[in-house]
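Residue strings, one per chain:
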Amino acid sequence: MSMITESLVDVLERISQTTQKSGRTPNSVSLITVSKQVSVDRIEEARGAGAVIFGENKIQEAIPKIAQLGWDEISWHFIGHLQKNKVKFLDERFDLIHSVDSFMLAEKIAGHCHSENRVQRILLQVNVSGETTKFGMEPSELEKKMIDFSRLKGVNVAGLMTIPPFYSDPENSRKHFSRLREIRDQCEKQSGLLLPELSMGMSHDFQIAIEEGATLVRVGTAIFGSRQPRPGEN
Ligand SMILES: *Cc1c(COP(=O)(O)O)cnc(C)c1O
């Protein structure tokens, strides 16, 4: 078995064990295989080993990769910070956009999709830790805007996403994950929307995220190994 295959099998196994131990149904958690900075060959290897959803965080990087790999038995999610002037490049490439971090961005995506007669599934990114360096809406701002999000034609808000600060001890992420779940419950009550998806947990803390209710975990390093850091990237 190749290293990618071995790592993917291991991650899937850990997802399945944690899901079971948490008393959740087996397919209540999906793996997003984060393929940013990973070559098409290696993505293909992961596909061969059973990865079905890939996550990309830069539109310019994603477009040629998706053009090569297509959508046959796989799908693509967008997980990175999205600038409003890039919205037109999303096209119909992504099944889900995890990282909508302002009402203006949601409006922009909604307007674009509505004019093309389609509906884009999105998640709203929340800054649960209050760190000023992180993208995402403040919980209070989100709760205020929830009704407005629910009224947008052209997007379907399916849930929330967060990226907690990095802690060497992943146990420290737990409070942020449980907070996102509480915010979700609050937003559902306020807006009448159903927000079933919670996108939280990465390579070093996805098991804790699953224990706290994650439905989508975004895992890169634990599958493909470490990436070269790029300027401005966390
Ligand atoms: C890179 C990235 C991940 C994956 O992180 P790993 O630590 O490599 O698993 C998850 N989510 C987002 C938004 C990312 O940019």
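My aim in this report is to walk through the structure given alongside it, one point at a time.

Criteria and thresholds
- Residues numbered from 1 in each chain as written.
- Predicted model: local features only at pLDDT ≥ 70, side-chain atom pairs only at ≥ 80, totals over all residues.
- Heavy atoms only, no water.
- Helix = DSSP H or I, 4+ residues; strand = E, 2+ residues; numbered from the N terminus.
- Expected span 1.5 Å × (residues − 1).
- Buried < 20%, exposed > 50% of the residue type's maximum accessible area, 1.4 Å probe, protein only.
- Contact = heavy atoms within 4.5 Å.
- Axes fitted to C-alpha atoms, helices over the stretch in contact; angles between N-to-C directions.
- Parallel < 35°, antiparallel > 145°, perpendicular 65-115°, else oblique.
- Left-handed = near helix turned anticlockwise from the far one by under 90°.
- Nonpolar A, V, L, I, M, F, W, Y, C, P; charged D, E, K, R; others polar.
- Near = heavy atom within 4 Å.
- Polar contact = N/O pair within 3.5 Å; in protein donor to acceptor, adjacent residues only side chain to side chain.
- Areas by Shrake-Rupley, 256 points an atom, 1.4 Å probe, with all protein chains shown as cover.

**With respect to helix H6 (residues 174–191)**
Working step 1: For H6, with 18 residues, the first-to-last C-alpha span of 26 Å sits near the 26 Å given by 1.5 Å per residue.
Working step 2: Listing the buried residues of H6 in full gives His176, Phe177, Ser178, Leu180, Ile183, Arg184, Cys187 and Ser191.
Working step 3: Where the residues of H6 are buried, they touch helix H5 (139–151), strand E6 (155–161), strand E7 (197–199) and helix H7 (206–211).

**Comments concerning the packing of H5 against H6**
Working step 1: The geometry of H5 relative to H6 is characterised by a closest axis approach of 9 Å and an angle of 25 degrees between their N-to-C directions. In terms of orientation, H5 and H6 fall into the roughly parallel class. In the crossing of H5 with H6, the sense of the turn from one axis to the other is right-handed. Taking contact as the criterion, the partners of Pro139, Leu142, Glu143, Met146 and Ile147 in H5 are, on H6, Arg179, Ile183, Gln186, Cys187, Gln190 and Ser191.
Working step 2: Its residues assigned to classes, the contact of H5 with H6 shows 6 nonpolar, 3 polar and 2 charged.

**Looking at the site of the ligand**
Working step 1: What surrounds the ligand is the set Val34, Lys36, Ile79, Ile163, Met202, Ser203, Arg218, Val219, Gly220, Thr221 and Arg227.
Working step 2: In the model, an oxygen atom of the ligand is placed 2.5 Å from a nitrogen or oxygen of the Ser203 side chain.
Working step 3: Separating an oxygen atom of the ligand from a backbone N or O atom of Gly220 is a distance of 2.8 Å.
Working step 4: Burial of the ligand by the protein amounts to 91% of the accessible area it has alone, namely 390 Å².
Working step 5: Looking at side-chain class alone, the shell around the ligand contains 5 nonpolar, 3 polar and 3 charged residues.

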